[in-house]
Structures are given as C-alpha cells and as structure tokens.
Amino acid sequence: MSLANRVRLQGSPWKPVLVAVATLIVGLALTAILPDQKWINIVTSVLVASVSLMGLGVVTGSAGMIALCQLTFAAVGAWVVEWLFVNEQLTFFGDFAFVVYILIGGLVAAVGGILVGLPALRLRGVNLAVLTLGIAAAVDLTLLKTGFPAFVAGMRVERPFNLGPSSVASDRGYLAFVIVAVVLISLMVVFLQRSRWGASWKSVAFSERSTASSGTNVRTAKLSAFAVSAFLGGLAGGLFDGQIMQGNAYSFTTINSLGMYVLSVVAGSYLIDMAIFGGILFILIPEILKVFKIDLQWGNVVFGILGIQALTTNSNLGQDIRNAIYKRKMSKVPPVELNLAPVEEKKVVEVPQGTGRTILKVRDLGVAFGAVKALQNVNLDIEEGTIVGLIGPNGAGKSTFVDALTGFLPHHTGVLTLEDIELDKLSPSRIARVGLRRTYQQDRVPDTLTVGAYVYFVSRGKATPEEIADTLEFFGCPDPTVPLRSVDVGTRRLIEVAANVAAKPKVLLLDEPAAGLSHDEHIAFGERLRSLPSKYGVTVIIIEHDLDLVRSVCTSITVLNFGEVLASGSQEDVLSNPEVLKAYMGETELL
Amino acid sequence: MLTTALSGIGPGGYYAVIAVLLVLMAQLTRVVNFSQVAFGMFGAYISVALMSGQFQQSIKIGIKLPQVVAVVIGILVAGLISALVGWIIAQWLPEATGTARSAVTVATLLSLISIAYILFGSRPQPFKPIIFGPLMELPGGIVITKISVFSISLAVVVAIIAKIVLSKTMLGVRLRAIADRQTAAELLGVNVKLMNVAVWFFTGAVSGLLIVFIAPTQSSDIFTLSMLVVPGAAAALIGAFKNIWAGLIGGILLGVVQGFFAGLPDLIYIRDWIPIIVIIVFLLWNQRKEVWDVAR
C-alpha cells in the first residue's frame, strides 16, 4: 500500500469540485451560444429533470427502495414557490427571494417525505411503493381540483434577478441560473453519497441487520434517504416553476412519476452523470418523437421495456459502464488477494491473560421460540482483555446467544450488562454504539461501497483514516480504495472483522470469522486475533468450529449444548472434560 | 347519509376483488402486482375494440365481433399478458426479493398504460354494459345494483376457490411449496415456472373479467381504471397481503367509507385520500413489532 493511498478512503475530494467547475464553465459557455429559445428550454428541462432523478437515485439506486411519487414532491416544491410568490413573502431577500423560495419548497417536500416515509419504512418490502403510488394518484386528483396558487391568482411567477417574462434573453439568463443551481446540487449529492449517510443508504439496501449492528438506526438510514430524495424533488419542482412560471397539475402526473422511477433504475441515477443522461432521455425522447410526429406514449413504452430489462438483470447502464472501465483498468494489475502472511516470530503475542475485571455479565439468559428452548439459564462472566471461545455442536444455540446479546431477540429473559450498562432494553444499533459489536456468519458486507468507505461507515468516526488503513493492513485486507464488489467473500468477512475492530468496541463477538480461509490463513489470522486485546483494547468472544484456532487464541472456553452451558473455564479443563468430548465429538470418538 | 355510504358498496366490491387477487399474488408468487388492474384494463379495452371494429381513430378492423366473443377474447388477453409478465419474472428473478420482483410490475404498468393510449387513444371508450340496473330497492331508498352484487360475489367466489384449491388439493400443496421455497420445490420435480405462470394467468383473467363488467359503471379512462390498484392494495394491506378474507372485507369497507365522504360536499377532497389514510393507519398499527429483513 503506497503512502499516498493510506489516508484516502475513497476518491479524491477535489475531483468532484474540479469536475463541477469545468462543467460550470462549459455549461455557461453553452448557454451563451445556444441559438434559439426552444433549445434553451430543452436544456433547462433536461437539467431540472436530472435533479429530480438524482433524488430518485438516492432512494432507489442507493437505498434500494421503490418510490413512485417523485413528481409529487416536485409539485409540492412548485406549489410552495408559487404560494410564497403570490403572497409576497420574504421579499426582504430581494433578488435572492426566489432562491429562498426554492429552498423552502425543497424543505417542505422533505418534511412531506418524512411524514410519508415514517409509517412505511419500518416494515420493508413494497409498502413504500404502495403508499407512494397512492399518494401520487391522490395528489394528482387534488391538484386537478385546486390548481396552483399562481394560476388561481391569475399571476405568473417572476424569475430571479429581474430576468423578466419569458423571452430569449430571459430564458437564457434562467438557464444560466439553473446551471449554477444544478452544479451546486450535484456537488451536494456527491458529498452526501460519500458521507456516512450515503454509506448507510447503501448498507441498508444490502442488509438491515448488519446496518443495525454497525450502530446505525435502520429507520434513520431509510428516512434520511427518502427525505433527501424528496428534498431534491422539491428543488426540481421549484426550478421547473421558475421555468414555466405557472404550474399545472399536468406537469406532475403519476404516470410521469412512474416513468421517472423506471428511468432512474435503467440509467442508475445515483451516479450524477447518469442522472444527467437520464434527464436527457426523459426530455429528448419526447422531443424526437414530436419531430417525427410519433405518438409521445412510445417514449414511456420504451422506458418500460428498458426498465423490465434492467430490473430482471439487476443492472443499470451507469454501473455497467463503470464496471467495464474498472475491469479494463484492473486487467493490467493482479487481482485483489488476501495478504494474510504469518506474523514475524518476534512479534508473536501469547494468548492474552485479561485484567481480572468482568466486562460483560450474562445472567439467566433464556430464549424460547414457541415451545423450543433455544437457550436457558445461561450464565457467563467475560473478563476484560481476554478472548473467550464459544463452542458447541450445531444447534447448540451459539448464534442465538449472539443474537440475544446484540439486541435482535428482544423477548429474551434474563439480564445482560456491559460494564454498567443494561443491554436488555436497547435496540441493536444502540447496543453497537455502547460498545458491543458483532460480525456475521453470512456475507453482510454491502458490495456497493469501497473497502475504505465501508470501514469508515462501520467504525462510526471512531478511527482516523490512518488507523483504518493500519487496521486493514494488520488483517492483510485490500487497499481502502478497492471496491468491495471485486473482493471475494472470505476476504470480505475479514474486512468485516477489521471494520468492527476499527470501531473500537469494548466487546467484539466474532461469529465463525475464519470460515472460508485456508489452513495457513487460519494460523495467521489466529496470531492477529491474539493481539487484539493488547493492540486495540477489545475483549473478544469467538464462535468457531475449528478447534485448532480456538486452542491457539482463547484464554477460556465456554461450551454450549442444547441451549445450556455445558462447561466453562480454562482451555485444559474444558477440552479434557468428558462431557464436552461426548457432546462435541460423539461418544465413539473419545480419544 | 346512510344511502351515500351504502352506495359505496359498489366500488367496495371492485376493491374487494382486486384485494383478493393481490393477496393471492403476494402469497403465491411473492409479487405485489402493481399491474394487476392494468392487465384487466387492457383486456377490457381489447374487447371494446373488437366489438366496435376499430382501435384508434386510424386503426380499423373490418369486422365487429359479437359482445360475448369479444369479452371472452378480452379476458383471455388479460390473462395472457399477465402470464407473460409472470413468465419473465419466474425466468429471470426466481430467487430475487419480493421488492425486486414487484418492481418489474411497475415497469409493466407504465408500458401497458402507454401501449393502451397508443392503441385505443386517450378518450374513454364507450363500454357497453353487460349487466346494469338495480337488483332490488331496500326500504329508505337504498338501491342495491346488480353490478355490486356481481363484484362482491366474484370476490367471494375467487376467495373460496383459492381457499379450497390451496388447502384441499395437491395442486394447492405445490403452489404453496413454490411460494415458500421455489428452488426446493423445483428439486422435488415440481414444474415451478408453469405453476407460476398459471397463477399469473388466472389472476390476470379474473382482473379482465372484473374490468369488463365494471368499466361501464364508472369513469373508464385508461389511467383511472389502472389506478384502481391503489384502493385494492389499501384493502389488501388490511390483511397484510396475507389474509384473503381481511382483504375482501377491507375492500368493501373502504368503498363504504368513501361513499360516506362522497355524501359530504365540504369534504369532497378527502374522498381521494381515503385509501392513503387507510394505508397509513394500517402501517402505523402494524409497526408495533420490529421486523428484520432476514431471520438471521
């Protein structure tokens, strides 16, 4: 890993700014040379549609939800702008009043988004889709009956900076205004997508459980995605209203919302360039059809068919192009591999001995699924600074134990305390935040992120970029800038371990972390595990089937069988206990 | 007041049928079918075109088919389009999440509405009523129309057939097996794709049957008809997309509540929002318990 890459977890922060400045210059130059009003208006419409698509990119592309009322949010934005204008609000902002109107329109749409999303987001699946489709249809009908404020008042919205009523000069000026706005909005979206919020959207699309156990509230993640999407929709509506100067319900119909959703999926509009491309398709296809005097509906038919293709193959244009470019680039360098070399002999750490203080207390833990008692009367004291092995045959209740500890089984009985904190009433994300973390047996690493962005997200700001890079290197994981898509599942699980270590929890539960590693890698991994308590101050509970690994790292061992603790104590005592041998290896295999 | 509320039983019956179909689809194919009513709409418009001998202004076909033949063809078309979409989903997204599978029906909804506009024009068609008029008049001037009795009966019949087939027959066992564990059922030798497509055909055809009958009684433009899926889904949500009977009764109640508000001129806007209110109330109520995306 080169030093230059060490502190950089994802792409350069300056690149988007440079692209933005360049786009701004090109865009403004284009504004000056566009020949006639028609083209000026088409370009304006394309940009406005792109903003709306960027919003959909957040909610559908990143967070993986179906939202079918994007133009309803646009209608809200437009409506608010007109209402503020007609009622002559905030005129003390002078020339900037219109900008403030648009921002308020966006915020009102965002609040609307939160209100709409709140009931739908806790339950998953298509509830949000059902609700948003219903809202789109209902708002449609209501707007048809009530009309927009400017229309009702018989007025037209005034464009900002005294551009005046529609004319070539005014339209040209407004296009310049829209270009500046869209460049700023795009920058905001890029940085949001790269922030922890952005990572939480991608994470929640992949797995809600792992999102929660990395300390992020699932509902907050979904709601923030929906609110940002609605905000962008509202901004687009406001910008559009400045363009047409008097809104009408026909611009924001449900069918166009459906078209926009499908287009967002086809193009992959969570990528800014693809949102612009989507905007071009959304506006230009109808224009082309008009030229050839073909029924405009063919545009939606084409979108629909492309949408079916994109949805059934789970692909989109933007990602396909990027994958192809990445593949080309990567064909010249060797593939990403786990680099888990044995630790140098002089650095090898002994099995940790602990501080003598109890950090995690489990009292009378019981979990019942109906009549099945998955766990009962489990009592356990975990000593700070140790590595505790949790073993037992399949079905012994090991994973249930982890689920109960980390808040996924709120109906368990008994009391769990981490230092002085009672865990029983806390949600999974709270438990992660107070310092009890876990990893999963299954692959729960969202492949839409880069390695660095994922670790940054999971560590929740507890680790500096340098520390993140160090931890990744310690576990032999790939460079932070590598996309997780190109990393194999075994390595992803080690990255998950590294990420949770970087979060500096008090106690870390590892659920079969070494599955998928070769024997040599097991040994090397064990050597690293042993130094976790001293190097990172973390106490480890490890569930593992490989007894070699357990022997080589664990201070003490607890054996579960049929949901009860069969034995608990030092390695030698537990592993020589005849009951354990019988339960674990079967009677005939007694040594 | 009571009269207007009870006048909602008619639309309530339609919602009930749609809800029953949506629940069946959700249970058997893991799809919340946004195109459910659009399939029926398309079939109904086909039957009108065949009867009148012309599609759009510009597209004319020589012959006019008798109503019965045209209606049967329309219903078959609805079933076949539905089967085609079902086949696409079964072919390419067999193990995908319900959300991913359902998203496809959003794209087909968009396509179907647009193709319908192209084929049939944007003006509402002159649907010829198949059954019409009052069935009986109750004391107090409350009229029970034939069409509302028809739609409620259709909902009940479909629900009963579904119940009997699913719980009493081998076919039902297989259908439930593929709904729960498609790959496992496939390994046991069940022709998963065929069964899936059959379910899609059946629900599509019933949707066609419903729309052919009810289109004459209400605003019958392409979009409004297709959007009947919204109140239908609201009703299906009352049964959490699981309970057929809750969906059926929910549909009728939804119609009655809408009818009630239609009778209050001051609150006319609320009428359009009732399905949304029902959806939201249901979702809030159902949120009491936390649910995770996967079991472990």
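Since the model is a prediction, treat every value here as computed from it, not as a measurement. (Residues numbered from 1 in each chain as written. Chains lettered and ligands numbered in written order. Predicted model: local features only at pLDDT ≥ 70, side-chain atom pairs only at ≥ 80, totals over all residues.)

## Thoughts on the overall build of chain A
Turning to step 1, where the next piece is worked out: For chain A, the helix and strand inventory stands at 25 helices and 10 strands.
Turning to step 2, where the next piece is worked out: Across its three principal axes, chain A shows a C-alpha extent of roughly 90 × 55 × 45 Å.
Turning to step 3, where the next piece is worked out: Looking at chain A residue by residue over its 591 residues, the buried ones come to 53%.
Turning to step 4, where the next piece is worked out: For chain A, the share of sequence-separated contacts (at least 6 apart) that also reach a separation of at least 24 residues comes to 77%. (Helix = DSSP H or I, 4+ residues; strand = E, 2+ residues; numbered from the N terminus. Buried ≥ 20, exposed ≤ 12 C-beta atoms within 10 Å, placed from the backbone. Contact = placed C-beta atoms within 7 Å.)

## Things to note about the interface of chain A and chain B
Turning to step 1, where the next piece is worked out: Between chain A and chain B, the contact holds 46 residues from the first and 44 residues from the second.
Turning to step 2, where the next piece is worked out: Where the side of chain A that touches chain B is concerned, the elements lending two or more residues are helix 5 (97-121), helix 6 (127-146), helix 10 (208-213), helix 12 (254-267), helix 14 (297-313) and helix 16 (398-405) of chain A.
Turning to step 3, where the next piece is worked out: Residue composition of the side of chain A that touches chain B, by class: 25 nonpolar, 14 polar and seven charged. (Nonpolar A, V, L, I, M, F, W, Y, C, P; charged D, E, K, R; others polar.)

## Here we look at the confidence of the model for chain A
All names here are of chain A.
Turning to step 1, where the next piece is worked out: Counting all residues, the mean pLDDT for chain A is 89, and 95% of those residues have values of 70 or more.
Turning to step 2, where the next piece is worked out: Mean pLDDT per element in chain A: helix 1 (residues 3-6) is the minimum at 42, and helix 4 (residues 70-86) is the maximum at 96.
Turning to step 3, where the next piece is worked out: Contacts for the low-pLDDT stretch residues 1-6, under 50 throughout, to residues beyond four places or in other chains number nine contacts. (pLDDT = per-residue confidence, 0-100.)

## As for the confidence of the model for chain B
Do not read the fine detail of predicted coordinates wherever pLDDT is low.
Turning to step 1, where the next piece is worked out: In the predicted model, chain B carries a mean pLDDT of 87, and 96% of its residues have values of at least 70.
Turning to step 2, where the next piece is worked out: Looking over chain B, one finds the lowest element-wise mean pLDDT in helix 1 (residues 2-7) of chain B, namely 76, and the highest in helix 4 (residues 67-92) of chain B, namely 94.

## Thoughts on the packing of helix 3 (residues 36-52) of chain B against helix 9 (residues 192-214) of chain B
Residues and elements named next belong to chain B.
Turning to step 1, where the next piece is worked out: Between helix 3 and helix 9, the least distance of the axes is 7 Å, while the angle of their chain directions is 55°. If you check the angle between helix 3 and helix 9, you find them oblique. Taken as a pair, helix 3 and helix 9 cross one another with a handedness that is right-handed. On helix 9, the residues touching Gln-36, Val-37, Phe-39, Gly-40, Met-41, Gly-43, Ala-44 and Ser-47 of helix 3 are Thr-203, Gly-204, Ser-207, Gly-208, Leu-210, Ile-211 and Val-212.
Turning to step 2, where the next piece is worked out: When the residues that make up the contact of helix 3 with helix 9 are grouped by side-chain class, the tally is seven nonpolar, eight polar and no charged. (Axes fitted to C-alpha atoms, helices over the stretch in contact; angles between N-to-C directions. Parallel < 35°, antiparallel > 145°, perpendicular 65-115°, else oblique. Left-handed = near helix turned anticlockwise from the far one by under 90°.)

## Here's the deal with the sheet that holds strand 9 (residues 556-561) of chain A
Residues and elements named next belong to chain A.
Turning to step 1, where the next piece is worked out: Judged by pairing direction, the sheet is mixed, and its six strands sit side by side in the order 6-7-8-3-9-10 without closing on themselves. Looking at which strands have only one partner, the edges of the open sheet turn out to be strand 6 (436-438) and strand 10 (564-570). Here the average twist between neighbouring strands, direction ignored, is 15°. (Pairing = 2+ DSSP bridges.)

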